[in-house]
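# Structural overview
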Amino acid sequence: MKKISGIQVHQPNGLPVSKLPCLSSRGINVFALTADQRYLSNGASDFLRTHFPMTLQSHHFGRTTALSENELLTELLQPNKTVGNRVMILYGAAGSGKSELLRWLQTQVEQCDQVRAGVMIRISRTDLDIFHIFQRFQHLLPEPIFQEATQRRWEECRQKPRTFAKILVLTALEQLLTSDDHINALYYHLIDVVQSNLERYFSAMNVVDSNIEQFIELFSREDLNQMLRDSAIPIPLEYEALRHAILKVFREQLFEGLNFAVLLKRVAFYIQETYHQRPILLIDDLVQSINLFATDLLDYFMTLEEGCWDVLVGVTPNSLDSTLRGKELLDRIQYLDTIDDRVRKLWLSDEYGLSSSFLNEKNCTDYARLYLGEYKRFNGVPCNKSCPSFKHCVLLDLGYDEDILAPFNENILRRLFRALPEGKGKVRYFTLYLREIVERLSRDEELLAVLQDYIKPEQAVFHSDARLAHIYEYYSPLSEGQIGQTCGEDLSAIYTFFGVPEDVQQEPPIIMTLVKHAVGKDETQSSNKKQEVEVDPGKEAVKAWLQNEELNKQLLRNMRRGTAKVIKDGYAVDCMTRLNTAKSSHSLRWMQARFDTLPPIQLEGVDDYSGLALEREIGPLAYLLYDYADTAGRMEQDVRGMIATSGKLSRIMFRSIIYRDDNKNRLEAQLGMSIPQFAFSLFLWARNLGFLVVELPPAIEASIQVELFLPQHYPPRWSALGRVYLLALLA
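Throughout what follows, the structure given in this document is the object of discussion. (Residues numbered from 1 in each chain as written. Predicted model: local features only at pLDDT ≥ 70, side-chain atom pairs only at ≥ 80, totals over all residues. Heavy atoms only, no water.)

A tally of helices and strands in the protein chain yields 31 helices and 14 strands. Every one of the 731 residues in the protein chain was classed for burial, and the buried ones make up 51%. Sequence-distant contacts in the protein chain: of pairs separated by 6 or more residues, those separated by 24 or more amount to 70%. As presented, the protein chain carries roughly 35,500 Å² of accessible surface, and 50% of it is formed by carbon and sulfur atoms. (Helix = DSSP H or I, 4+ residues; strand = E, 2+ residues; numbered from the N terminus. Buried < 20%, exposed > 50% of the residue type's maximum accessible area, 1.4 Å probe, protein only. Contact = heavy atoms within 4.5 Å. Areas by Shrake-Rupley, 256 points an atom, 1.4 Å probe, with all protein chains shown as cover.)

Dropping the structure here:
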């Protein structure tokens, strides 16, 4: 029995993670990727228990302030005498939490104000059928919106996109152009584009939870411009006029000529006169739901036409940014300062999804704790002291008496957050990773093997027990990024959770950071700045090489350069010069470079050419050699000192001596003379050609019968030594 932080553990061999009673596939729906899926699967109460409080960035009157979700709810429900529509644009990358926020607002409005809830419409990101979206407003009007024949007409056109495209294009061109030649020049090109986009639009309606990354127009400005350039005759036609004509035919054929903006005005006036309330319209994602009419609807709200809607509409900037018309609309929203008092701009993430306004590395553990706690309760095993495995699991999350993070801990969740793909919504992908990991563990997959597919550790751990090394890489405190090796932290509680024997724990691991360093000649550069933690792909390649895994050999270039640099610091291995010479002339130098290194460095298991062999047994020294390649100043001295204390360096230097001697012997065999003799022969040859290569002592000059034209720089007493040196060279 072992005691850790006041907790007695009766399971010294650990409990397999797959045997934890709380891990089951039954509660996996808690990690549903959309808010509506989670709401419909588990109900309103469970949805609210797993809802993570959200904070938005508010861009209003040129200022940026933080706005909590509760403040947004209060603003939405409070009486407002604003004339016209009140619009809030909710920006966020795909997966940033727009649907989560609007589902939460809908739920809160239904619980807090039944009257406003009765005049509220929410269009979720899964509502893709524009005809059914029109019908969603039916309960807010006393008379029917469409006749029954309109429904049949809609279904028929969905089955015949080619025929419908012909009707749209031909009718619109006939209204705008007066010449058959002009109509024929555009008709056959335009019909293919319109048909393709109609098919995309109709097919998306048939797929549950379909994702439309870019908004669909029947044709884009770029499409028309290309057709006009390709036409042999000039055609007097503007994009906006043609687009308006085609959408008008679309509405006449399918919606009895009803315009979405007209419908919204009818509903608003009826509700205001009947209930004296402002209706609420929540649109999760304008591009996803009301795709064909996305820009028109935004244009209606932006121009503040007649109406009294309180509107919160989600916009994914990257989706609208795909066409010129979408870009123009985004610019209008961005620089719409004249009506900034009634249009608020809220952000859940930056434009590219690189950051979230409410979920970050610091609070991602709180987010995960909500989901994991609800997941375990749904599986019928509440995460508290009533669970028989609680005393074992708490070793991963000391200090909590319920809803612990097992089988994770805070450090591993932060690493998981760092590993999220760039350009994607942090909220969606963090939830997705949690779901996939838990689901795989419930199928009895090994925990450490599963984590390896999702996390890129920022440190490399060396230990005789490979399992302990992997545990440390994932569960230890995050590396601060210092160069060199460090001793490991005390993870005895975590080792006990995994059943690592105590004798194995006694050996301290060696830790090497994989974090990219900013190095340069300025020693004070960024010394007082907190650098962003970024894993160096080159160091990841070094780690892969040490573990004999697949890698890109180009990423090992710095390790080769660092090895050559440290060898040259102590030994002139790349030139045939006299050793221990203060300043050699490098007359004979090895010029065969491999990956920009002289001499060529041959890496074990990677290179098939001959060179100075570097084997995987150097272990942690490989990372120091990588860092040493580009260091300078004080940092260079520090890294050089670390390398010098490594026991593996002597083997590298010894091999470099052997490598140089082998090259020397091979060269002498090819020349048929020794290197000193060859060098002296070159010297004599140069002097005979009239070149004064180097000044020699007078005794040597006289011995080789060269007339001395320069003043003597050598003392006369050196003459005897010069004769001895000459005889030694010629021996």
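Let's shift gears to helix H25 (residues 557-570). The end-to-end C-alpha separation of H25 is 21 Å, in line with the 20 Å expected for 14 residues at 1.5 Å each. Within H25 the residues assigned to the buried category are Asn-558, Met-559, Arg-560, Gly-562, Thr-563, Ala-564, Val-566 and Ile-567. (Expected span 1.5 Å × (residues − 1).)

Between helix H8 (residues 180-205) and helix H9 (residues 221-230), the least distance of the axes is 11 Å, while the angle of their chain directions is 155°. With respect to H9, the axis of H8 lies roughly antiparallel. Helix-helix and strand crossings are classified by hand; for H8 and H9 the assignment is right-handed. Where H8 approaches H9, its residues Leu-186, His-189, Leu-190 and Val-193 are matched on the opposing element by Asp-223, Leu-224, Met-227 and Leu-228. Split by residue class, the contact of H8 with H9 holds 6 nonpolar, 1 polar and 1 charged. (Axes fitted to C-alpha atoms, helices over the stretch in contact; angles between N-to-C directions. Parallel < 35°, antiparallel > 145°, perpendicular 65-115°, else oblique. Left-handed = near helix turned anticlockwise from the far one by under 90°. Nonpolar A, V, L, I, M, F, W, Y, C, P; charged D, E, K, R; others polar.)

A few words on the packing of aromatic side chains. The final tally for this structure, using the stated rule, is 29 aromatic pairs. Members of the aromatic cluster, connected to one another through ring pairs, are Phe-131, Phe-134, Phe-137, Phe-146, Trp-154, Phe-164, Tyr-201, Phe-202, Phe-250, Phe-255, Phe-260 and Trp-309. Here the basic side chain of Lys-426 rests over the ring of Phe-417, its NZ or CZ set 6.0 Å away from the ring centre. (Phe/Tyr/Trp six-rings, centres within 6.5 Å; stacked < 30°, edge-to-face > 60°. Lys NZ or Arg CZ within 6 Å of the ring centre and 35° of its normal.)

So, on to the nonpolar core. Judged by nonpolar contacts, the single largest core of 84 residues is most densely connected at Phe-408, Phe-430, Leu-451, Tyr-475 and Phe-498. At 7 residues, the largest contribution of residues to this core is made by helix H19 (residues 426-442). When near neighbours in sequence (up to four residues on either side) are disregarded, Phe-430 contacts Leu-359, Cys-364, Tyr-367, Ala-368, Leu-413, Leu-416, Phe-417 and Leu-420. Within the second largest apolar cluster, 80 residues are counted, among which are Leu-128, Ala-165, Val-267 and Ala-294. (Core = buried A, V, L, I, M, F, W, Y, C linked by side-chain atoms within 4.5 Å.)

Once that is clear, we can look at the side chain of His-463. Mapping His-463 onto the fold places it in the loop between strand S10 (459-462) and helix H21 (466-475). His-463 sits in the buried class, given a relative accessible area of 14%. Separated by 2.9 Å, the side chain of His-463 and the backbone nitrogen of Asp-465 make a polar contact. Setting aside chain neighbours within four positions, we find His-463 in contact with Leu-468, Ala-469, Val-504, Glu-507, Pro-508 and Pro-509. (Polar contact = N/O pair within 3.5 Å; in protein donor to acceptor, adjacent residues only side chain to side chain.)

In this section: the packing of helix H18 (residues 410-418) against H19. Between H18 and H19, whose axes approach to 10 Å, the crossing angle comes to 125°. When the axis of H18 is compared with that of H19, the two are oblique. Seen from above, H18 lies across H19 with right-handed handedness. Together, Leu-413, Leu-416 and Phe-417 of H18 and Lys-426, Phe-430, Tyr-433, Leu-434 and Ile-437 of H19 make up the contact between the two elements. Partitioned by chemical class, the residues of the contact of H18 with H19 number 7 nonpolar, no polar and 1 charged.

Both trends apply: most residues other than glycine have a negative phi, and most peptide bonds are in trans. Put simply, Ala-406 and Pro-407 share a cis peptide bond, and its omega is 10°. Here Pro-407 shows up in the loop between helix H17 (390-393) and H18. Of note, Asp-403 is a non-glycine position whose phi angle comes to about 50°, a positive value. Turning to its location among the elements, Asp-403 is positioned in the loop between H17 and H18. Positive phi outside glycine occurs at Asp-444, with the angle close to 70°. Relative to the helices and strands, Asp-444 is located in the loop between H19 and helix H20 (447-451).

Along the chain, the position of Asp-129 falls in the loop between strand S6 (120-123) and helix H5 (130-135). A polar contact of 3.3 Å, which involves the side chain of Asp-129, links it to the side chain of Trp-154. In contact with Asp-129, other than residues within four places in its own chain, are Trp-154, Arg-158 and Met-205.

Looking at the secondary structure, you find Val-438 in helix H19. For the pair Val-438 and Phe-31, spaced 407 residues apart in sequence, the C-alpha separation works out to 9.5 Å.

Let us look at a nonpolar patch on the surface. Taken together, the side chains of Leu-682, Trp-685 and Leu-689 make up a nonpolar region of the molecular surface, amounting to roughly 340 Å² of accessible area. Position of Leu-689 among the secondary structure elements: in the loop between helix H29 (675-688) and helix H30 (698-703). (Patch = residues over 30% accessible without salt bridge, like charges linked within 9 Å, V, L, I, M, F, W, Y side chains within 5 Å. Salt bridge = Lys/Arg side-chain N within 4 Å of Asp/Glu carboxyl O.)

Tallying each qualifying case throughout the model produces 36 salt bridges. Notably, a salt bridge pairs Arg-651 with Glu-617, separated by 2.7 Å at the nearest N-O pair. Residue Arg-651 is found in helix H28 (residues 649-671), and its partner Glu-617 is found in the loop between strand S14 (612-614) and helix H26 (621-628); the two are separated by 34 residues along the sequence. On the accessibility criterion, Arg-651 (44% relative accessible area) is partly exposed.

On to the environment of Thr-107. Checked against the element boundaries, Thr-107 lands in helix H3 (residues 98-112). The exposure class assigned to Thr-107 is buried, which follows from its relative accessible area of 2%. Between the C-alpha atom of Thr-107 and that of Phe-47, which follows or precedes it by 60 residues, the distance is 9.5 Å. Contact partners of Thr-107, with chain neighbours within four places excluded, come to Tyr-39, Ala-44, Phe-47 and Leu-48.

Attention now goes to the pairing of strand S8 (residues 310-315). Burial analysis of S8 places 6 of its 6 residues in the buried class, which makes it a mostly covered element. Residues Asp-310, Leu-312 and Gly-314 point to one face of S8 and Val-311, Val-313 and Val-315 to the other, with burial holding for every one of them. Both strand S5 (residues 86-91) and S8 contribute to a ladder of 6 bridges, which runs parallel. Looking across to S8, one finds that Leu-90 is bridged to Gly-314. Both strand S7 (residues 280-283) and S8 contribute to a ladder of 4 bridges, which runs parallel. Bridge assignment links Ile-280 to a residue of S8, and that residue is Asp-310. (Pairing = 2+ DSSP bridges.)

Within H26, 8 of the 8 residues are buried, which leaves the element mostly enclosed by the surrounding structure. Of all the positions in H26, only Leu-621, Ala-622, Tyr-623, Leu-624, Leu-625, Tyr-626, Asp-627 and Tyr-628 are classed as buried. In this structure, the buried side of H26 is in contact with S10, strand S12 (510-513), helix H24 (537-546), H25, helix H27 (633-644) and H28.

What follows covers the environment of Asp-331. For Asp-331, the location among the structural elements is in helix H15 (residues 324-334). Each C-alpha atom of the pair Asp-331 and Asp-321 lies 9.9 Å from the other, and the pair is 10 residues apart in sequence.

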